[in-house]
Amino acid sequence: MAEKPLVAITGASSGIGEAAARAFSAAGHPVLLMARRLDRLNALGLPNAVIRQVDVRDRVALARAVADAEAEHGPVDMMFANAGIARLGDIGRQPPEDWDEMIDINTKGVMNSVHAVMSGMMARRQGTLVMMSSIAGRKVYPDHTVYCGTKFFVHAISESLREYLAPHDVRVIVVSPGIIDTEVLDGVRDETTLANYKANKQAIGGGISADVVAKLILDAYELPQRAIVQEIVITPTRQKY
């Protein structure tokens, strides 16, 4: 077993998930990397990595991946429930199938990730859940209707889980980024929405690196277990809302 505990990350194939995988691996942690794109996970080439092709909507597959990694590296000490999708679009024209995908991945996928590790953390009285939300989980934006709803959900269940898990010494940290340089726009199929998002991003000088967010997560995790950064809200300096 490695000296440092196991860290699990969903959506680890790109963006903040990939950056977190690199940051925690560089800090000496074995990592369980989960995503749908197996080739991207393998290409990271990180040491002490357990790699599993997992769709977070599949509760059984997610739990199996956790069990496999724990058999090799010991208990998951941190679960980063990062996997998500942004099908932004005009709510009046958007296909309901886009709503379904966001709701299933961004809400049920987060709960599946929590379920895979929570009971073990409670029994050990040790562990950290890092929940990927968004600045869109704190405010609403045009053409973000269902996406905002899913991220407000993450905030609500995180607040409830934090209250529930605090007596068991388990931490719940919410991450709420603004505009970050990731592949999030790949999920936007509404051309007008995409153009408006890109124009706003350009107007503020672009997003910030996912590495910056990953470092904040690592710093928050490395605090003593009895100390918690309850929420990380990070945006480009010029992002005013």
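Each remark here, short or long, concerns the structure printed above.
Residues numbered from 1 in each chain as written. Predicted model: local features only at pLDDT ≥ 70, side-chain atom pairs only at ≥ 80, totals over all residues. Heavy atoms only, no water.

Draft legend 1. Quick look at the overall build of the protein. Per the secondary structure count, the protein includes eight helices and nine strands. Computed over the C-alpha atoms, the radius of gyration of the protein is 17 Å, within 12% of the 18 Å expected from 2.2 N^0.38 for a compact globule of 241 residues. Taken across its 241 residues, the protein has 52% of its residues classed as buried. Nonlocal contacts in the protein, meaning residues at least 24 apart in sequence, comprise 68% of its contacts between residues at least 6 apart. Carbon and sulfur atoms provide 53% of the accessible area of the protein, an area that totals close to 11,100 Å². Each charge class in the protein was averaged separately, 26 positive and 28 negative side chains, and the resulting centres sit 3 Å apart. (Helix = DSSP H or I, 4+ residues; strand = E, 2+ residues; numbered from the N terminus. Rg over C-alpha atoms; globule rule 2.2 N^0.38 Å. Buried < 20%, exposed > 50% of the residue type's maximum accessible area, 1.4 Å probe, protein only. Contact = heavy atoms within 4.5 Å. Areas by Shrake-Rupley, 256 points an atom, 1.4 Å probe, with all protein chains shown as cover. Lys, Arg positive; Asp, Glu negative; His and termini not counted. Charge placed at Lys NZ, Arg CZ, Asp CG, Glu CD.)

Draft legend 2. Structural context of the nonpolar core. In terms of nonpolar packing, the biggest core is built from 44 residues, with Leu32, Met34, Val76, Met79, Leu129 and Met131 touching the most fellow members. Among the secondary structure elements, those contributing two or more residues to this core are β1 (6-10), β2 (31-35), α3 (59-73), β4 (76-81), α4 (96-115), α5 (118-124), β5 (128-132) and α6 (145-165). Those residues within four positions of Met131 in sequence are excluded, and the remaining contacts are Ala81, Val110, Val114, Val154, Ile157, Ser158, Leu161, Val172, Ile173, Val174 and Val175. Counting 33 residues, the second largest nonpolar core, distinct from the first, contains Ala20, Phe24, Leu33 and Val130. (Core = buried A, V, L, I, M, F, W, Y, C linked by side-chain atoms within 4.5 Å.)

Draft legend 3. Spatial organisation of the packing of α4 against α6. The N-to-C vectors of α4 and α6 enclose an angle of 15°; their axes lie 9 Å apart at closest approach. Classified by the angle between their axes, α4 and α6 sit roughly parallel to one another. Seen from above, α4 lies across α6 with right-handed handedness. Packed against α4, whose contacting residues are Trp99, Met102, Ile103, Asn106, Thr107, Val110, Met111 and Val114, the element α6 presents Val146, Tyr147, Thr150, Lys151, Phe153, Val154, Ile157 and Leu161 at the interface. Per-class residue counts for the contact of α4 with α6 are 12 nonpolar, three polar and one charged. (Axes fitted to C-alpha atoms, helices over the stretch in contact; angles between N-to-C directions. Parallel < 35°, antiparallel > 145°, perpendicular 65-115°, else oblique. Left-handed = near helix turned anticlockwise from the far one by under 90°. Nonpolar A, V, L, I, M, F, W, Y, C, P; charged D, E, K, R; others polar.)

Draft legend 4. Fine view of the sheet that holds strand β6 (residues 171-177). Overall, parallel pairing links the seven strands, which are arranged β3-β2-β1-β4-β5-β6-β9 in an open sheet. Taken across any chain shown, the strands that pair with only one partner, and hence form the sheet edges, are β3 (49-53) and β9 (231-234). Each neighbouring strand pair of the sheet contributes to a mean axis angle of 15°, computed without reference to strand direction. Pairing of β4 with β5, which is carried by four bridges, proceeds in the parallel orientation. If you follow Phe80 over to β5, its bridge partner there is Val130. (Pairing = 2+ DSSP bridges.)

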